[in-house]
Amino acid sequence: MYVEVVFPLPFRKAFTYKVPRELESNAVFGVRAIAPFGRRTLTGFIINISDRTSVKEKIKPISDILDEAPIINKTSLKFYQWIADYYLCSLGEALRLAVPHGSAVESKRKIQIDPDFSAELLSKEKNKSSIRAKILTELTKRVQINQSYLQKLVGRKSIYSQLQTLQKEGAITILDAIESAKAKPKIVKHIKLNKKVGEIYAIFPELETRSPKQVKILLELIAAKGKELPVSNLLHKTESSKSSVDSLEKKGLVKVIDKEVERIYSEVYKEEHKEITLSNKQQQVTDSIIAPIKQGKFEPFLLYGVTGSGKTQVYIELTKIALKNKKTVLILVPEISLTPQMTSRMINNFGDTVTVVHSRMSAGERYDAWKRVLKNKSKVVIGARSALFAPLKNIGLIVVDEEHDSSYKQSDSIPKYNGRDAAVYLGSLYKCPVLLGSATPSIESMYNAKSGKYKLLQLPDRIDDAKLPKISLVNVQAERKKKKMENIFSKTLLDKIEDRLRKDEGVIILQNRRGFSTQIFCDDCGEVETCDNCSVPMVFHINKNLLQCHYCGLIKDVPGACTHCGSLGIKYFGTGTERVEDELEFYFRRAKISRVDSDSISRKAVLSKILLSFSKGDIDILVGTQMVSKGLDFSRVTLVGVISAETTLWLPDFRADERTFQLLTQVSGRSGRSKTPGEVIIQTHNEKHFALQMVLKNDYFGFYHKEVADRKKLGYPPFTRLALIEAKDHSEKKARGAIQDYHSQLMRYKKWLQISEPAYAVIARIKGNYRFHILIKSSKEADPGGGILHKAILDSFMEFNRSSRYKEVNLFYDVDPQSIM
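Below is a short write-up of the structure. (Residues numbered from 1 in each chain as written. Predicted model: local features only at pLDDT ≥ 70, side-chain atom pairs only at ≥ 80, totals over all residues. Heavy atoms only, no water.)

The next thing to look at is the layout of surface pockets. Put simply, the second largest pocket is a space of about 1,300 Å³. Lining the second largest pocket are 49 residues; nearest its centre among them are Glu 271, Ile 276, Arg 345, Ile 463 and Asp 633. Considering each element in turn, the lining of the second largest pocket owes the most residues, six residues, to helix 12 (residues 311–324). Of the residues assigned to the lining of the second largest pocket, the class counts are 11 nonpolar, 19 polar and 19 charged. (1 Å grid on protein atoms, 1.4 Å probe; cavity = no way out; pocket = protein on both sides within 12 Å on 5 of 7 lines; lining within 4 Å. Points joined across faces, edges and corners; volume = space filled by probe spheres on them. Helix = DSSP H or I, 4+ residues; strand = E, 2+ residues; numbered from the N terminus. Nonpolar A, V, L, I, M, F, W, Y, C, P; charged D, E, K, R; others polar.)

Quick look at the structure:
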């Protein structure tokens, strides 16, 4: 018996293995196999089985099978193959998404080091910049290191021959260690009675005098009426020690067993369940989607509903219909919108059948959530983009809420897929409707709706007769001339906040920057304090009194003087959420203020507690980054303030206007979601800007028509397909050389594609790597499926790998990038 296995590596082929007799019954399509690969041991997916092979070389056997049942089926394999083909990665890299992180078995090459002997060898090295010298420098600092980490430290992959030489010299010993899966079932010791209750009572007189603790344990087990109890809980409750349990086990009175327990993530935030009757408009939208659910028909819908129009309730009603028809439901929500409020509403309606997947869960909780779905215990999955890969069967409805959100795009690892677009393809495979919802649909999705690819549905009004908030733009420069600015606040905004506090109404303040000051600037030499690894300014965090880089995480002490010229004339510029919170505390000393950003809610359940307090009125003002702009529905919020409208507007990216319009419209929508009218104050330096004027008028279609015309003129999506090529390396010379060599290969396709010249990325250096970009545009008229674009990228990469002297440099390609910075 032979199997074809694909591994999470950049090889676009499957590898053939023999199956030992004892594993033949377990080696089925769609399970994971542990197999030797070169000098390593890796976990891969079995994608084909046969009783013969054309492979002539010696065939190795697989070592083990990891799963009891298949994780993927033929339909889901088509889905992962599409991701691999469209986003230009291997099938194995795409299939890595199908299982929770940390659930694979692999070997890690560990190096045991003699640091003293390594230091002696280093002292004899004449060329201190050679690879050997770099390796020895790192070896002198420690007694053990993983080979992969050493490769990263010295910036070179091919160091194997150097390590073999050092092993022969006696400086190191190379070990291959198999590391088991980090995410695995949680096993807890449980205890239960091993004899009838009558027999246990008969022994009590004898035990009471000598071992009263043992009697306590037995009484608890009798009260449990045959249930198994966790040993640790029982010992804590009875104030006993493990020796008491051991004695009872020896006497044959109790039995101790290992039992798998499920880790379920729970939120502190709870809402009362309300029975809601749909409005006429909501009912019309729901009715449009019922037929495709029942018929099992693929149809993509775009639901454009203003903020507060009741889109979530439509999702809930459609989920009820899908479940009645014995189907499962997948609901995708951007990470920042996946608030405890949203999950609480889903659990209120569907109880234990809901599984939630998001980044606030531990690795163990994610693993158990995935297993619950795999075993068909869960019919509704709600989560961020990774929930797309939950092993649901018989999907009857897919919902993508806030479909415009850029966080649906995976941008920091391979494959660089877009969750929204992949969800539409998944719906076509499972023959079910896909509902994309937003108050500010992306230009691409609205274009698809206008051109008939999607069916457009609308909810133009808020529910319960609530009105959209009144929006005002405040020109900061004009206010400053009139002496109406108090540091970062206009007097208009401060007066409005004071008015709301008097009325005991809720206030949300948005500033889409973390930290206190976003720059430290020297008045004498003009230098800005930048990160050592990235070409970005360090951000001052007042709470921890440190400087931090928000790209690589580097932390520095706050300088007492300029680190470039020694001057004491350093100034703090820019405004982050910490500064907004600090100044609000100065102006409103009695107000209760909380901050919501990734710094303040990093600990578990913190966000739940803050939102619960805010909903009860225990918190008056919520300050935050874009986290406060989505997914929050509090009837007591009547004022939203925006400190600076320009945080996203001035970015050198073709989507900057769209992002600004979406962010400001979304945050405005948090205000006035009940009978009490809401108000929004947006502080800006340029109130005449078109995007801000459209926010002021709440005119989505006005914004869409101008933006889509600009995109057509300049050749951007939805009229073209983009691909961003990035070369990055610790050496600027190598990164530049690699991008130029790749560009010369790409130019063979210039007849069909628009190819930019290689250039520094907008942020030229991140985490010590120099970055160079090429932007490729492919017209959707000439290349509707993107076949020419994909071929050009892959063929150029093969030629680059064959002929370039810089082929060791990392090259990344991003199809349909959300940002070109």
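It is worth spelling out the packing of helix 21 (residues 656–668) against helix 23 (residues 700–714) at this point. Interaxial distance between helix 21 and helix 23 falls to 11 Å at its minimum, and their mutual angle equals 170°. Looking at the two axes, helix 21 sits roughly antiparallel to helix 23. From helix 21, Asp 657, Glu 658 and Phe 661 reach across to helix 23, where they touch Tyr 700, Phe 703, Glu 707 and Arg 711. The residue makeup of the contact of helix 21 with helix 23, split by class, is three nonpolar, no polar and four charged. (Axes fitted to C-alpha atoms, helices over the stretch in contact; angles between N-to-C directions. Parallel < 35°, antiparallel > 145°, perpendicular 65-115°, else oblique. Contact = heavy atoms within 4.5 Å.)

With that settled, consider the side chain of Ser 309. Here Ser 309 is to be found in the loop between strand 12 (299–305) and helix 12. According to the relative accessible area criterion, Ser 309 is buried, its value standing at 1%. Among the polar contacts made by the side chain of Ser 309, one reaches the main-chain carbonyl oxygen of Val 306 at a distance of 2.7 Å. Those residues within four positions of Ser 309 in sequence are excluded, and the remaining contacts are Gln 282, Leu 459, Asp 461, Arg 462 and Ile 463. (Buried < 20%, exposed > 50% of the residue type's maximum accessible area, 1.4 Å probe, protein only. Polar contact = N/O pair within 3.5 Å; in protein donor to acceptor, adjacent residues only side chain to side chain.)

Bringing the sheet that holds strand 4 (residues 40–50) into the picture now. Ordered by their spatial adjacency, five strands build an open sheet running 2-1-4-3-5, and the pairing between neighbours is antiparallel. Of all strands in the sheet, those bounded by a partner on one side alone are strand 2 (15–18) and strand 5 (64–65). (Pairing = 2+ DSSP bridges.)

On a regular strand, each side chain points to the face opposite its neighbour's, so the side chains alternate between the two faces of the sheet. Within strand 35 (residues 769–779), nine of the 11 residues are buried, leaving the element largely enclosed by the surrounding structure. As defined by bridge partners, strand 32 (residues 720–729) adjoins strand 35 across 10 bridges and the pair is classed as antiparallel. The residue bridging Asp 729 from the neighbouring strand is Tyr 770, located in strand 35. Relative to strand 35, strand 33 (residues 754–755) is paired through two bridges, and the arrangement is antiparallel. Its bridge partner lying in strand 35, Gln 754 is registered against Lys 777. Of the pairings in the sheet, the one linking strand 34 (residues 759–766) to strand 35 comprises four bridges and is antiparallel in character. Within strand 35, the position partnered with Tyr 760 by the bridge is Phe 772.

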